[in-house]
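Residue-level structural notes
This is what each chain is made of:
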Amino acid sequence: MDYKHYCLGFNKEHRQANWVYYELGATNLTGKASRKNDFRVDPKISRWSATPDDYKRSGYDRGHLCPAADMSFNAKAMSETFYMSNMTPQLNRLNQDMWAKLEAKVRVNKCSDTLYVVTGAYFGSNATTTFDGAGNTVAVPTNYYKVLLRTKTGSTGKAIQDCTDDELISIGFWVEQKSYGNIEPPRSICTTVADIEQKTGFTFFPKVSATVKKQNNPTQWGIN
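Conventions we followed
Residues numbered from 1 in each chain as written. Predicted model: local features only at pLDDT ≥ 70, side-chain atom pairs only at ≥ 80, totals over all residues. Heavy atoms only, no water. Helix = DSSP H or I, 4+ residues; strand = E, 2+ residues; numbered from the N terminus. Rg over C-alpha atoms; globule rule 2.2 N^0.38 Å. Buried < 20%, exposed > 50% of the residue type's maximum accessible area, 1.4 Å probe, protein only. Contact = heavy atoms within 4.5 Å. Areas by Shrake-Rupley, 256 points an atom, 1.4 Å probe, with all protein chains shown as cover. Lys, Arg positive; Asp, Glu negative; His and termini not counted. Charge placed at Lys NZ, Arg CZ, Asp CG, Glu CD. Salt bridge = Lys/Arg side-chain N within 4 Å of Asp/Glu carboxyl O. Phe/Tyr/Trp six-rings, centres within 6.5 Å; stacked < 30°, edge-to-face > 60°. Core = buried A, V, L, I, M, F, W, Y, C linked by side-chain atoms within 4.5 Å. Pairing = 2+ DSSP bridges. Axes fitted to C-alpha atoms, helices over the stretch in contact; angles between N-to-C directions. Polar contact = N/O pair within 3.5 Å; in protein donor to acceptor, adjacent residues only side chain to side chain. Expected span 1.5 Å × (residues − 1). Bend = angle between axes of the 7 residues up to and from the residue.

**As for the overall build of the protein chain**
Helix and strand counts for the protein chain come out as four helices and ten strands. Listing the helices and strands of the protein chain from first to last along the sequence gives β-β-β-α-β-α-β-β-β-β-β-β-α-α. Taken over the C-alpha trace, the protein chain has a radius of gyration of 17 Å; the compact-globule value for 224 residues is 17 Å, and the two agree within 12%. Projected onto its principal axes, the C-alpha coordinates of the protein chain cover approximately 50 × 35 × 30 Å. Of all 224 residues assigned to the protein chain, the portion counted as buried reaches 54%. Sequence-distant contacts, at least 24 apart, represent 71% of the contacts inside the protein chain between residues at least 6 apart. Split by element, the accessible area of the protein chain, about 10,100 Å² in all, is 46% carbon and sulfur. Averaging the positions of the 28 positive and the 22 negative side-chain charges in the protein chain gives two centres separated by 3 Å.

**Brief notes about the pattern of salt bridges**
Following the criterion strictly, the structure yields eight salt bridges and no others. Put simply, Lys-76 and Glu-80 hold a salt bridge, and the shortest N to O gap is 3.2 Å. Taken together, the positions of Lys-76 and Glu-80, both in helix H1 (residues 75–80) and four residues apart, correspond to about one turn of that helix. When the shortest N-O distance is used, the salt bridge between Lys-213 and Glu-197 registers 2.8 Å.

**Some details on the packing of aromatic side chains**
Under the defined criterion, the tally for this structure stands at eight aromatic pairs. On the numbers, 4.8 Å between centres and 20 degrees between planes, the contact of Tyr-3 with Tyr-6 is stacked. Per residue, the accessibility class of Tyr-3 equals that of Tyr-6, and both read buried. Clustering of aromatic rings is evident, with ring pairs tying together Tyr-122, Tyr-145, Trp-174, Phe-202 and Phe-204.

**Some thoughts on the nonpolar core**
When a protein is soluble and globular, its nonpolar side chains tend to lie buried together. Judged by nonpolar contacts, the single largest core of 46 residues is most densely connected at Leu-148, Phe-173, Val-175 and Ile-189. If you list the elements that add at least two residues to this core, you get strand E1 (6–11), strand E2 (16–24), H1, helix H2 (92–108), strand E5 (115–122), strand E7 (137–140), strand E8 (143–151) and strand E9 (168–176). In terms of residue count, H2 provides more of this core than any other element does, five residues in total. If we skip the residues at most four places from it in the chain, Leu-148 touches Val-106, Leu-115, Tyr-116, Val-117, Ile-169, Ser-170, Ile-171, Phe-173, Val-193, Phe-205 and Trp-221.

**With respect to the sheet that holds E9**
Strand order in the open sheet formed by six strands is E1-E2-E5-E8-E9-E10, with antiparallel pairing between adjacent strands. Two strands in the sheet have a free side with no partner beyond their single neighbour: E1 and strand E10 (190–191). Inspection of the sheet shows E2 paired to E5 by six bridges, in the antiparallel sense. Within E5, the position partnered with Glu-23 by the bridge is Tyr-116. With respect to the sheet, H2 is in contact with E2, E5, E8 and E9, its orientation differing from that of E8 by roughly 10 degrees. Running over the sheet, helix H3 (residues 193–200) touches E5, E8, E9 and E10 and is turned about 45 degrees from E9.

**Examining the side chain of Asp-42**
Here Asp-42 is to be found in the loop between E2 and strand E3 (60–64). Comment: no salt bridge for buried Asp-42; closest opposite-charge side chain is Lys-44, at 6.4 Å. Reaching out from Asp-42, the side chain makes a polar contact with the side chain of Tyr-3 at a distance of 2.4 Å. A polar contact of 2.6 Å, which involves the side chain of Asp-42, links it to the side chain of Ser-85. Excluding residues within four positions of it along the chain, Asp-42 makes contact with Tyr-3, Ser-49, Tyr-83, Met-84 and Ser-85.

**Considering H2**
The end-to-end C-alpha distance of H2, which contains 17 residues, comes to 23 Å, matching closely the 24 Å that a straight helix rising 1.5 Å per residue would cover. In H2, a bend of some 45 degrees at Trp-99 exceeds every other bend along the element. For H2, the complete set of buried residues consists of Leu-94, Asn-95, Asp-97, Met-98, Trp-99, Leu-102, Glu-103, Lys-105, Val-106 and Arg-107. In this structure, the buried residues of H2 make contact with E2, E3, strand E4 (87–91), E5, E8 and E9.

If you want it as structure tokens, here you go:
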């Protein structure tokens, strides 16, 4: 499903997205669109979309996959992040603590050449369920992930496919559905894009070499 500045792959069985994809350039966070918390059914998939009452009193937040703050440059784009198709049942103390700090870390890595971001939910064999406002069963992810790709300098002026492997950096983050505490993203969640491809069965950044996808250097991304 395509929206103004992001797209997602929706899972009808789980009633939420498997992944969302968007891009962050140097100017993408300079706008002043205000957050309105206008949670609503996604009209593109109203038959399967969760509702604004979902997860209430369940112990789970309506967690954004594409963060509203990443779309602050455009009011329509920010508003579209509040479609329930972009929400996932996420533990409150994950969503508002370490996960929020990870989202902020992603924003710090925006660049002139564009930062490419995929965020997704993973449903392991021990996935549990909660209910939406209509009593429908909604799967609770066991894990979340992010994969990031950008140029090393951030200012080559090149398209990704025109860059050499040495000009590109990538990383993956694999996060458990648990409270990590109110901490900065730990190195323990850092992994490779290749590893997350193997775990999820999805292919990310198809124009990038396997060598680039095997990188895992947290320091390059501001994680100590």
